[in-house]
Protein chains: 2
Amino acid sequence: MDILDIKEDIIEENRREAHVIRNLLEGSETYLVNLMASPGAGKTSTILKLAEAWGDNVSLAVVEGDIDSMVDSHKMKAAGLPAVQITTGGACHLDVPMVKPALELLDLSALDAVIVENIGNLVCPAEFDIGADLSAMILSVPEGDDKILKYPLMFSVCDVLIVNKIDFLALPSNNFDLDRLQGRFARINPHAPIFPISTYSGEGLPELAHWIANEIRAAYPSKKSR
Amino acid sequence: MDILDIKEDIIEENRREAHVIRNLLEGSETYLVNLMASPGAGKTSTILKLAEAWGDNVSLAVVEGDIDSMVDSHKMKAAGLPAVQITTGGACHLDVPMVKPALELLDLSALDAVIVENIGNLVCPAEFDIGADLSAMILSVPEGDDKILKYPLMFSVCDVLIVNKIDFLALPSNNFDLDRLQGRFARINPHAPIFPISTYSGEGLPELAHWIANEIRAAYPSKKSR
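Residues numbered from 1 in each chain as written. Chains lettered and ligands numbered in written order. Predicted model: local features only at pLDDT ≥ 70, side-chain atom pairs only at ≥ 80, totals over all residues. Heavy atoms only, no water.

Draft legend 1. Fine view of the overall build of chain A. Per the secondary structure count, chain A includes 8 helices and 7 strands. Counting only C-alpha atoms, chain A reaches 50 × 50 × 35 Å along its principal axes. Buried positions account for 58% of the 226 residues belonging to chain A. Within chain A, contacts between residues separated by at least 24 positions form 74% of all contacts whose residues are at least 6 apart in sequence. If the 19 positive side-chain charges of chain A are averaged to one point and the 33 negative ones to another, these points end up 2 Å apart. (Helix = DSSP H or I, 4+ residues; strand = E, 2+ residues; numbered from the N terminus. Buried < 20%, exposed > 50% of the residue type's maximum accessible area, 1.4 Å probe, protein only. Contact = heavy atoms within 4.5 Å. Lys, Arg positive; Asp, Glu negative; His and termini not counted. Charge placed at Lys NZ, Arg CZ, Asp CG, Glu CD.)

Draft legend 2. Spotlight on the environment of A:S69. Counting through the fold element by element, A:S69 comes out in the loop between β2 (60-66) and α3 (71-78). Here A:S69 falls in the buried class, since its relative accessible area comes to 10%. Between the C-alpha atoms of A:S69 and A:G89, which are 20 residues apart in sequence, the distance is 9.5 Å. In contact with A:S69, not counting residues within four places along its chain, are A:Q85, A:T87, B:L149 and B:K150. A distance of 3.2 Å separates the side chain of A:S69 from the backbone nitrogen of A:V71, its partner in a polar contact. (Polar contact = N/O pair within 3.5 Å; in protein donor to acceptor, adjacent residues only side chain to side chain.)

Draft legend 3. Looking closely at the sheet that holds strand β2 (residues 60-66) of chain B. Residue and element names in this part refer to chain B. Spatially, 7 strands are ordered β3-β2-β4-β1-β5-β6-β7 in an open sheet, and the strand pairing comes out parallel. Sheet topology places β3 (83-87) and β7 (194-196) at the edges, where each strand pairs with a single neighbour. Averaged over all neighbouring strand pairs, the angle between strand axes comes to 20 degrees, with direction disregarded. Sheet contacts for helix α2 (residues 43-54): β1 (31-37), β2, β4 (113-117), β5 (134-140) and β6 (160-164); angle to β4, the most-contacted strand, approximately 165 degrees. (Pairing = 2+ DSSP bridges. Axes fitted to C-alpha atoms, helices over the stretch in contact; angles between N-to-C directions.)

Draft legend 4. Spotlight on empty space enclosed by the protein. In total, this model carries 4 cavities of 30 Å³ or more according to the counting rule given. Empty space within the second largest cavity amounts to approximately 70 Å³. Surrounding the second largest cavity, 14 residues form its lining, A:S140, A:P142, A:E143, B:S140 and B:E143 being those nearest its centre. Residue composition of the lining of the second largest cavity, by class: 5 nonpolar, 5 polar and 4 charged. (1 Å grid on protein atoms, 1.4 Å probe; cavity = no way out; pocket = protein on both sides within 12 Å on 5 of 7 lines; lining within 4 Å. Points joined across faces, edges and corners; volume = space filled by probe spheres on them. Nonpolar A, V, L, I, M, F, W, Y, C, P; charged D, E, K, R; others polar.)

Draft legend 5. The interface of chain A and chain B, seen in detail. Between chain A and chain B, the contact holds 49 residues from the first and 49 residues from the second. Across the chain A to chain B interface the summed buried area is about 3,600 Å²; carbon plus sulfur atoms make up 65%. Across the contact surface, chain A and chain B share 4 salt bridges. Among the ionic pairs, B:K75 bridges to A:D146, the shortest N-O distance being 4.0 Å. Connecting chain A to chain B are 6 residue pairs in polar contact (both at pLDDT 80 or more). For the side of chain A that touches chain B, the secondary-structure elements that each account for two or more residues are α1 (3-28), α3 and α5 (147-150) of chain A. When its residues are assigned to classes, the side of chain A that touches chain B shows 23 nonpolar, 11 polar and 15 charged. (Buried area = accessible area lost by both parts, 1.4 Å probe. Salt bridge = Lys/Arg side-chain N within 4 Å of Asp/Glu carboxyl O.)

Given below as structure tokens:
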């Protein structure tokens, strides 16, 4: 029994099912972001900062994927965001059968966008289509600028690369080179923009928030909730 | 088709096969360390620093697991360490069928220890027994002290927790609390020691190197290569 072959079948089946989520979203004109990253890269903080930047301009809800905790959905609710928690009970990624019922718990027609915070993992989430309009990934500076070489699929499937914790670039111990990262990224994913941000200092967040808000508006220009 | 059920079968099959690796290691009196962590937590740097601290006292080789690159095994060879590269071609963890042939490429009888650098992932590697004497995990300070809540299996299966990048604790942006981490860890894994280190400043590395060397000697006190 080869886990790669079995996984390939499951990935393919999942891909076929993703259209169910796309139909659901198109029906309610709701934009879906699949946010992926390593553990601790700053997914939760980025979502909270985006929500703060958007305020009432983007009606947002969050689906939180976690293996075994409710920590992040509690943080979202504390910030006033509608949040649904998925606990995967061990699974290393989210898939359509997990995301669809979570979306159905939300009042999609009243929402401009839903951000799904995927499991912290640079491998498996990249393989599972969850019907998102935007696949966003965060790489954090402390992880190093060589991660593209090691986790190429994630960097090649994402539509936007967010580089978080850029305040760490100024440390004496830093050996992360943003230019080197950009060069490597351009070779495997030439069309996706890169947004350097710091959820600590706030740097770069207005630009990122503005860009995603434009993507949301471009997808559903006549959405009634706005 | 439920990926969790299939995965459980594969994990169980792998567990049964792990004894083949244990027999191989016991025959040659070689100690095996399974080193696991998130991407960019400092697995490669920690191995290089341990090798430096041990010098000729521990005869070491490295098995490098990567999805799709040879970066780390090149670093190991540049440091004078025998290294075998496993490229998993997409798989998110190492398993017995990958590790066994890699070990067979090494002259095990001449080695005190082999460190396997697993795929950067806090989920899947925790589930796969590769016959190691010591399961070691690294958590890096920038990832946050709440990762135990989110990836409990990894923190509960490890025999030692290495907390890397403790030089970051002094930053104004730091909100990682080592005491809080220790409290959380003690609740799910009361017997495993914690070693705070910095591969940048070198702090804590002598203590970690000393402790692992003692574990190696305790497992095979009469190994002829020493």
